[in-house]
Each structure stands twice: as structure tokens, then as C-alpha cells.
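# Structural features, examined
Each chain is listed here by its residues.
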Amino acid sequence: MNEVLPAGTVRHAFRFEGDAREYFGIWIVNLFLTMITLGLYSPWAKVRKKRYFYGNTWVAGANFDYHGDPVSILKGRLLAFAAFAAYTVVSEFYPRAAYGVLLAAIAASPWLIQRTLRFNAVNSSYRNLRFHFHGGLRDAAVAVWPLALWPILGLLLGADGDVPRTAWHWFALIVPGLAFAASYPRVVGALKRYSVGNAAFGDARFGIDLPYSEMYVIYIAAGIAAFLGLFAIGAVVGLVAIGSPKIGVGLFWLAYLGGIAAFLAYTRSRVANVVFGGTRMAGGVRFVSTLAAGKLAKIYFVNLLAVACTFGLAVPWAVVRTAHYRAEQLALESDGDLDDVLAAIARPVSAAGDQLGEMFDVDLSL
Amino acid sequence: MNGFDADYFDGRSSRCHPVRATVEGTRLTVAGGELALEFGRDEVRVLPTVGHTPIRMALPDGGLLVASDAAAVDESLGIPAQAGLARRLESHSRAIVFALAGVVAGGWAVYLYAIPAMADRVARSIPAASEAALGPDTLAAVDAVLFTPSKLAPEVSAPIAEDFRGLVASAGLPPSTRLEFRESKVLGPNAVALPGGIVIVTDSLVGLVERRELAAVLAHELGHVHERHGARALLRGSLRALVSAAVMGDLGALASLAGSTPAWLLQASYSRDFEDEADAFALDLLRRAGRSPSDFAAALRRLGKAREIDPDSDTHSYWSTHPGLAERIRRAEEAR
């Protein structure tokens with residue numbers, strides 16, 4: 001990096017030292033054991049994977065570690081699996097009930113979000129000090145409540161799973177959708193504020209300065225680009241398909257993957273840069289994230305092609321190269337020696353959080 | 001004297017102490033800067049590692065020693081790291097190859113056999129009434145994108161509807177099974193069975209084939225209804241999506257989407273066993289209804305010609321929903 005830092009500013013880049021070949025062995029053994037145990041091994045697999053990724057992530061001369069208890073994760077997974085299976089069956093066979101299921105999921109989400117964030121924080125460590133999460137249920141609910149507008153409006157307007165035929169049908173379908181789209185950037189921003197602003201490393205609290213307007217700028221730009229992109233792709237693929245349907249189908253598939261890669265790369269890189277850019281840690285430690293949307297889109301696109309063409313066997317290679325790029329674009333910055341700042345951070349007097357993992361705790365991130 | 005370089009973290013602050021760990025007899029001393037600690041060698045717990053991450057040793061004071069030179073740690077401490085089954089498998093290339101073979105074979109079996117079998121069991125346990133409730137929604141959905149209203153005169157459609165009712169009765173299907181007439185630019189001469197027992201026939205098909213041939217095509221569609229192919233295909237799709245999501249969860253929603261694309265392309269090909277089942281059902285039904293299975297062969301021949309596929313050749317398009325036309329015609333002719 002050629003950027004000139006202000007005098008006295010020290011920058012420590014993150015580094016990911018994982019290796020695709022080594023991770024392939026871990027991944028395939030995980031998959032094999034998960035398969036022969038009909039999925040029951042999956043929490044143990046997840047812990048091994050997380051320990052590999054945490055252990056290979058380095059900053060300022062030390063790496064991270066993960067301490068999650070597979071049994072807690074198993075409980076969470078069984079819950080998630082039951083919920084997902086119920087939702088799938090209900091939405092396939094009773095499309096009218098889908099809004100109700102969605103509403104129930106949103107009602108339960110503050111609790112799930114809070115538990116998951118706390119579980120992950122308490123089970124992550126760096127330099128033999130655990131992270132903590134102090135967020136309450138109320139704040140989680142405040143962050144996600146606008147999402148409920150979508151199903152509530154849907155139910156009030158009497159929208160059903162039908163294909164719209166009348167103007168009223170369209171209205172009942174579009175208004176809840178618009179409410180969702182309008183509140184989504186705010187919810188993403190609020191969740192980032194909640195998860196980062198309530199996190200702590202030892203006794204050092206994190207703070208975040210994240211204006212919602214930044215989120216709206218990102219998602220509106222992404223939405224407009226996606227809309228125009230769909231038209232362009234539709235026009236090109238349509239013209240080709242008139243000439244040769246087979247090439248048309250192939251091209252459509254490539255354009256579909258490219259579109260997903262570009263959309264996700266753009267939103268994720270911009271959101272990560274803004275969120276890390278606004279994050280502070282006690283002691284004046286700042287984060288700098290310099291993910292480039294174009295570079296990330298290229299990585300995602302190649303990943304998707306490789307994964308699709310190998311029926312999934314390229315997943316380890318794909319995740320490792322993505323982790324390399326994400327880590328090398330992230331850095332810590334401090335005024336003065338980072339080691340001095342870090343050395344001042346201690347374990348909080350009441351380390352009650354350490355025992356929280358023992359209680360009924362869930363980790364829902366599938 | 002055995003020893004190794006390490007970083008010591010006391011667990012009370014995040015300060016990093018570069019130290020030298022030395023083992024003498026049963027004692028481990030950790031020294032560096034103003035730090036000088038001593039522990040019993042047996043009190044040190046070497047934590048399990050994943051891959052080539054550094055060796056971590058938990059000390060009885062709550063501290064942590066992190067060392068990158070695994071050989072030096074091993075030689076001086078002589079305490080093996082806790083290694084589970086997964087660790088042992090991961091470190092042998094033969095075990096990895098075995099796991100890979102197992103996953104590929106298992107994935108193949110799950111995708112082709114376990115999921116269809118499971119989906120079929122679930123489909124059969126779904127009450128017919130629930131499936132029938134799907135009908136109107138699905139009809140509205142396909143009407144919006146595929147079909148325009150039929151322009152057939154009642155004197156043309158009425159006899160066809162009568163044939164249909166006769167076949168439904170012979171097949172022992174519920175009277176709620178119904179026939180709809182539509183026209184479709186996209187599908188051309190075609191007949192479709194929707195979940196919930198709605199059969200759609202296009203005007204162009206009515207114009208293409210003779211009345212008794214059309215009845216044979218309807219018998220084939222009733223085969224889809226009888227075998228509940230609509231619900232079974234839906235469930236197979238959902239279960240496949242679930243399994244891909246579990247396998248590719250590593251890569252997040254992104255990979256699940258990519259994983260679902262080939263599945264979507266394969267959708268047309270895995271309906272092939274459904275077509276065979278429906279054919280067998282149709283030939284049997286035609287005989288039971290006092291009709292001739294050769295009507296079905298004749299209908300297929302005409303459809304094949306209309307699609308500009310030579311009915312006597314075995315080549316078929318990958319995306320065609322009715323592959324192996326020659327084989328199907330042969331079976332229909334032999335059924336006599």
C-alpha cells in the first residue's frame with residue numbers, strides 16, 4: 001500500500017494464512033463424517049472449520065481462536081432445521097400462510113440475533129482474551145422491527161400467494177414489497193450498529209459511527225444497477241436465444257451468476273468498508289477496510305463457476321481465496337504503538353460472559 | 001536442556017510477552033523480560049490444533065503459550081497434542097482420498113436415490129385435499145405467464161371433455177380431476193398436468209391430433225396426476241435445495257444459488273422417470289378403458305413430427321421434456 005499515513009499512525013494489516021489444499025482435507029473429512037452421521041456431526045465440523053479460519057487469521061503478531069461448544073450449536077441447528085423445514089413445506093403447499101410464518105420468524109428474530117451474537121463473541125478470543133457482547137433484547141427488537149412491516153402490510157392488505165390479476169392485487173403485492181425495500185438498508189445499518197456497538201474485547205468497548213444515509217446510498221445504487229443490468233442481460237440473452245436457444249441458455253446461466261456475483265460483491269464490499277471505517281475501539285484503535293467491489297466480484301464470479309462446475313468440490317478453494325482477499329484488505333490503525341494500546345486492555349472484573357456458553361445458548365448462523 | 005520460543009498471554013490482559021520456555025525434568029519454566037514462571041510439566045495441556053496453526057498450550061495459571069515450532073515443542077515437552085478422530089483423518093492423504101470417494105459416492109446416492117425416495121414418501125403422506133388446494137394457485141400462476149384463453153368451439157371441446165371424464169372414471173381418480181382448455185404460443189401443441197389434478201390441453205394440440213389420439217395423451221397426463229408427479233417434483237426440488245444449502249453452507253447463500261442452478265437445468269432430465277411412469281400408466285389405462293395403446297404411439301408420432309424430431313431416431317435434446325421418443329413409441333406399439 002502506497003498510501004502515506006499521518007505521522008505517528010501505525011497500521012497493522014490482517015493476514016490470512018490458510019491454505020486451500022490443507023483446508024480441502026479438513027472440509028472433506030468434515031463432510032464425510034457429517035454424511036455418515038446423517039448430519040449430527042455438523043456442529044463439530046463447524047467448530048473445526050471456525051477454528052481453522054480463526055487460527056489462521058493474524059493481526060499485530062497474534063492469531064484468533066474459536067471456543068464454541070458443538071453441543072450448543074447442535075441445539076441451535078436442530079431448531080433451525082425444524083423451522084426451515086416447516087417454512088418450506090408451508091410455503092409450497094399453503095402459499096397463503098407464508099406471511100404468517102414470516103411474521104413468526106421476525107417476532108423470534110431479536111432473541112435469535114442477540115443469542116447468536118453473544119455466543120459468537122464469548123467464544124472468540126485473541127491474545128488469550130475473550131470478546132464479549134453486551135447488547136440487550138430491546139435494542140435488537142428496535143433494530144429489526146421495520147422488517148415486520150412487510151408481512152403485516154401484506155396480511156392487512158389481504159395479499160395472498162396468487163399471481164396478481166387486478167389493480168388491487170398489484171397494490172397489495174407491491175406496497176408490502178416497497179415497505180420492505182425501503183426499510184431494508186435501515187435494518188442492515190441498525191443491525192451493524194447493534195452488533196458492533198455492543199461488542200467488547202476484554203474491557204475495551206467497540207463504538208460505531210454509521211449514518212443510515214450511507215446504507216441507503218449503497219442499496220439504492222445497487223438496486224438501480226441491478227434493474228438496469230437485468231434489462232441489459234435480458235436484451236442481449238434474448239437476441240442470442242433467437243439465433244441459438246442452446247447458447248442462449250448457457251449465456252443466461254453465465255449472466256445469472258455474474259449478476260449475483262456483482263450485486264453481492266458491490267453491496268458486501270461497500271457495507272464492510274463503511275462499517276469497519278466507522279468502527280472504533282477503546283484506546284483509539286481504528287479499522288480500515290479497502291475492499292474493491294470489482295476485485296471481489298471477479299473473485300465471487302470465478303468461485304461460483306468453479307463451485308458449480310465441480311458440483312461443490314471447489315468450495316474449500318473458493319472460501320480460502322476469498323478469506324485471503326478480505327483479510328489483506330483489512331487493517332488496524334492506532335496513534336502510537338499498537339502493542340502499548342493492546343497491552344492496556346484487560347479482562348473485565350466480572351467475567352460472567354465466559355460461562356454463558358454453558359447455558360441454553362444457540363448459534364443460528366447456518 | 002530442551003526449550004522453545006513462544007508468546008505468553010496471561011489471560012488477564014492482552015499484553016504479549018515474548019518468552020523462552022525451558023523444560024528441565026518435570027518442571028517447565030517460562031521466562032522473558034521481567035516474567036519468570038514455573039509450572040509442573042504435567043500441568044500443561046497441549047490444545048488440539050486444526051491444520052498448521054500454531055501450537056497452543058494452556059497453563060494452570062490461566063495463561064496461554066503459543067509456539068510456532070511444533071517440532072521443538074514436541075521434543076522438549078513430550079506431551080502429545082489432544083487429537084480427535086477428525087485430526088487423525090485430516091493428516092493422512094489416504095484418509096482424505098477415502099473421504100472424498102465416500103462423499104462423491106454418498107452425494108450421488110443421496111441426490112439420485114435417497115432424496116427422490118424420501119420426497120415420494122412425504123408426497124404420499126400429504127392428503128389429497130391439501131394437494132388439490134394447490135391447483136387454483138398453480139393454474140393462476142401458469143395462466144399469467146404461459147397461456148391465453150382457448151378459442152375452441154364448444155362442439156369441439158365437449159366430446160374431448162367427455163372422453164376425459166370417461167378416462168378419469170376408468171382410472172378411479174377423484175371427480176375433482178378436471179380438464180382446462182388453453183392456447184399457448186410458448187408451449188405449442190402440448191398437454192400439462194398441474195399438482196392438484198388439473199390437466200391443461202392446448203388448442204394447437206387439439207388441432208394436431210385425432211380425437212382418440214388426444215384421449216391417449218390425456219391418459220398420459222392422468223398418469224402424472226395419479227402418480228402425484230407435481231407434488232413429488234416440488235418436494236424433490238425443496239429437499240435438493242436443502243441438501244445443497246447444507247453442503248455449500250460454507251460459502252453462504254451465494255453458493256446455494258450457484259448450486260441450485262445446475263439443479264434447475266437438471267429438472268427437465270429428472271422428470272424422465274416421471275414420463276416413463278406416466279406412459280406405463282397411460283398404456284394400462286387405455287386398455288382398461290377399452291381403447292388401443294397404439295393411439296398413444298400415433299399421438300407421439302404426430303407430436304414428434306410437429307417438433308421436427310425424427311420419431312425413429314434416438315437423438316433427443318437435453319432440454320426436451322419428452323426424450324427418447326423412438327423408445328416410447330416402440331413401447332406403446334409393443335403394448336398391444
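The text that follows walks through the structure, step by step, so that each part is easy to find. (Residues numbered from 1 in each chain as written. Chains lettered and ligands numbered in written order. Predicted model: local features only at pLDDT ≥ 70, side-chain atom pairs only at ≥ 80, totals over all residues. Heavy atoms only, no water.)

## Considering the overall build of chain B
- Broken down by element type, chain B carries 12 helices and 11 strands.
- By the burial criterion, 49% of the 336 residues in chain B qualify as buried.
- Considering only residue pairs separated by 6 or more positions, chain B has 58% of its internal contacts joining residues 24 or more positions apart.
- With the model as given, the accessible surface of chain B reaches about 16100 Å², and the carbon-plus-sulfur share is 58%. (Helix = DSSP H or I, 4+ residues; strand = E, 2+ residues; numbered from the N terminus. Buried < 20%, exposed > 50% of the residue type's maximum accessible area, 1.4 Å probe, protein only. Contact = heavy atoms within 4.5 Å. Areas by Shrake-Rupley, 256 points an atom, 1.4 Å probe, with all protein chains shown as cover.)

## A few points about the sheet that holds strand 6 (residues 129-133) of chain A
All names here are of chain A.
- If you walk across this open sheet you meet the 11 strands as 1-11-10-9-8-7-6-5-4-3-2, and the pairing is antiparallel. Single-partner strands in this sheet number two, and they are strand 1 (9-13) and strand 2 (15-16).
- In the sheet, strand 4 (residues 62-66) pairs with strand 5 (residues 124-126) via three bridges, with the strands oriented antiparallel. By the bridge assignment, Asp 65 is partnered in strand 5 with Ser 125.
- The strands that helix 7 (residues 167-197) touches are strand 6, strand 7 (199-201), strand 8 (204-208) and strand 9 (279-281); relative to strand 8, the one it contacts most, it runs at about 165°. (Pairing = 2+ DSSP bridges. Axes fitted to C-alpha atoms, helices over the stretch in contact; angles between N-to-C directions.)

## Notes on the packing of helix 5 (residues 137-144) of chain A against helix 7 of chain A
All names here are of chain A.
- Put simply, helix 5 and helix 7 touch, their axes get as near as 8 Å, and they point 160° apart. In terms of orientation, helix 5 and helix 7 fall into the roughly antiparallel class. Helix 7 is crossed by helix 5, and the crossing has right-handed handedness. For the pair helix 5 and helix 7, the contacting residues are Leu 137, Asp 139, Ala 140, Val 142, Ala 143 and Val 144 in the first and Arg 186, Val 187, Ala 190, Leu 191 and Tyr 194 in the second.
- Grouping the constituent residues of the contact of helix 5 with helix 7 by class yields nine nonpolar, no polar and two charged. (Parallel < 35°, antiparallel > 145°, perpendicular 65-115°, else oblique. Left-handed = near helix turned anticlockwise from the far one by under 90°. Nonpolar A, V, L, I, M, F, W, Y, C, P; charged D, E, K, R; others polar.)

## Comments concerning helix 5 of chain A
- Inspection of helix 5 of chain A places Ala 140, Ala 143 and Val 144 of chain A among the buried residues, and these make up the whole buried set. The buried residues of helix 5 of chain A occupy an angular sector of 85° when the element is viewed end-on, so they sit on one face. (Arc of directions from axis to C-beta.)

## Comments concerning the nonpolar core
- Formed by 66 residues in total, the largest nonpolar core has its most connected members in Tyr 126 and Phe 201 of chain A.
- No other element matches helix 1 (residues 20-36) of chain A, which puts eight residues into this core.
- Other than its neighbours up to four places away in sequence, Tyr 126 of chain A contacts Val 59, Ala 60, Ala 62, Asn 63, Phe 64, Phe 131, Phe 201 and Leu 342 of chain A.
- Of all hydrophobic cores here, the second largest spans 36 residues; its members include Leu 205, Ala 219, Val 225 and Ala 297 of chain B. (Core = buried A, V, L, I, M, F, W, Y, C linked by side-chain atoms within 4.5 Å.)

## So, the environment of Lys 49 of chain A
- When you line up the elements, Lys 49 of chain A lands in helix 2 (residues 42-55).
- Sequence-wise, Lys 49 of chain A and Tyr 23 of chain A are 26 residues apart; in three dimensions their C-alpha atoms are separated by 8.4 Å.

## Quick look at the interface of chain B and chain A
- Facing 59 residues of chain B, the contacting portion of chain A comprises 64 residues.
- Surface buried jointly by chain B and chain A totals about 5400 Å² across both partners, of which 70% is contributed by carbon and sulfur atoms.
- Along the contact surface separating chain B from chain A lie two salt bridges.
- The partner of Arg 48 of chain A in a salt bridge is Glu 90 of chain B, with the nearest N and O atoms 2.8 Å apart.
- Linking chain B to chain A there are eight residue pairs in polar contact (both at pLDDT 80 or more).
- Mapped by element, the contributors of at least two residues to the side of chain B that touches chain A are strand 1 (2-9), helix 2 (85-90), helix 3 (93-125), helix 4 (128-145), helix 8 (229-248) and helix 9 (253-270) of chain B.
- It is helix 3 of chain B that provides the largest number of residues to the side of chain B that touches chain A, a total of nine residues. (Buried area = accessible area lost by both parts, 1.4 Å probe. Salt bridge = Lys/Arg side-chain N within 4 Å of Asp/Glu carboxyl O. Polar contact = N/O pair within 3.5 Å; in protein donor to acceptor, adjacent residues only side chain to side chain.)

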